[in-house]
Amino acid sequence: MSRIQSAGLQRGQPVTILVNGKRESAYLGETIAGALLAAGHRAWRRTRHGEPRGLFCGIGVCFDCTVTVNGAPNVRACQTPVAEGMIIETDWVAEVNA
Ligand code: FES
C-alpha cells in the first residue's frame, strides 16, 4: 500500500521514523498505523494463538494494532501520531514490505 497521490493534497512535514531498525518516511499528522501501512506492513503482531494482527478498528477500541514506541509497550498505532525520530518496534516482521 502506498500513500494517495493527488493534486492539491497537502501533507504535514516529512519525518523519519525507525521501524524495527529500518528508516521509513512518514508525515506529521499521520498515525503510526498509517505510516506502517504506507511502508508495506500489513500485520505487526500476533495473537497468543499465532494469528496476525494489525489495523482492525482504526478507532482505538480493539487494541489489535499495538506496537512498542520509544520503549513504551502496548501503544495503539491507530491513535498515536508519528514524530521525528520515533522508534517503533513490532512483534512481527514477516509481512514487512511485501
Ligand atoms: S486498530 Fe483497533 S485499537 Fe488500533
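Residues numbered from 1 in each chain as written. Predicted model: local features only at pLDDT ≥ 70, side-chain atom pairs only at ≥ 80, totals over all residues.

Caption draft 1: Just unusual backbone geometry, in detail. One non-glycine residue, phenylalanine 63, lies in the positive phi region at around 65 degrees. C-beta crowding within 10 Å serves as the criterion here: with 13 such atoms nearby, phenylalanine 63 is assigned to the partly exposed category. Although it is not a glycine, asparagine 74 adopts a positive phi angle of roughly 60 degrees. Topologically, asparagine 74 is positioned in strand β6 (residues 72-76). (Buried ≥ 20, exposed ≤ 12 C-beta atoms within 10 Å, placed from the backbone. Helix = DSSP H or I, 4+ residues; strand = E, 2+ residues; numbered from the N terminus.)

Caption draft 2: Seen up close, the sheet that holds strand β1 (residues 14-19). What the five strands build is an open sheet, ordered β2-β1-β7-β5-β6; its pairing is mixed. The open sheet has two edge strands with one neighbour each: β2 (22-27) and β6. Shown here is a sheet whose adjacent strand axes are inclined to one another by a mean of 40 degrees, direction ignored. Here strand β5 (residues 66-69) runs beside β6; their pairing, made up of three bridges, is antiparallel. In the sheet register, valine 69 faces β6, and the bridge partner there is alanine 72. (Pairing = 2+ DSSP bridges. Axes fitted to C-alpha atoms, helices over the stretch in contact; angles between N-to-C directions.)

Caption draft 3: Here's a closer look at the environment of glycine 60. Structurally, the position occupied by glycine 60 is in the loop between β4 (52-53) and β5. C-alpha separation for the pair glycine 60 and glutamine 5, spaced 55 residues apart in sequence, amounts to 26 Å. Glycine 60 has contacts with Arg76, Cys78 and Gln79, leaving out every residue within four places of it along the chain. (Contact = placed C-beta atoms within 7 Å.)

Caption draft 4: Summary view of the pairing of β5. Count of turn residues in the β5/β6 antiparallel hairpin: two residues, of which asparagine 70 carries a positive phi of about 50 degrees. Pairing geometry for β5 and strand β7 (residues 87-89), over two bridges, is antiparallel. Along β7, the bridge assignment pairs threonine 68 with glutamate 89.

Caption draft 5: The nonpolar core, seen in detail. Judged by nonpolar contacts, the single largest core of 18 residues is most densely connected at Ile32, Ala33, Ala35, Leu36 and Ala77. Every element with two or more residues in this core is listed here: β1, α1 (32-38) and β5. Tallying contributions element by element places α1 first for this core, with four residues. (Core = buried A, V, L, I, M, F, W, Y, C linked by C-beta atoms within 7 Å.)

Caption draft 6: Layout of the environment of threonine 66. When you line up the elements, threonine 66 lands in strand β5. With near-sequence residues (within four places) excluded, threonine 66 lies in contact with Arg45, Asn74, Val75, Arg76 and Ala77.

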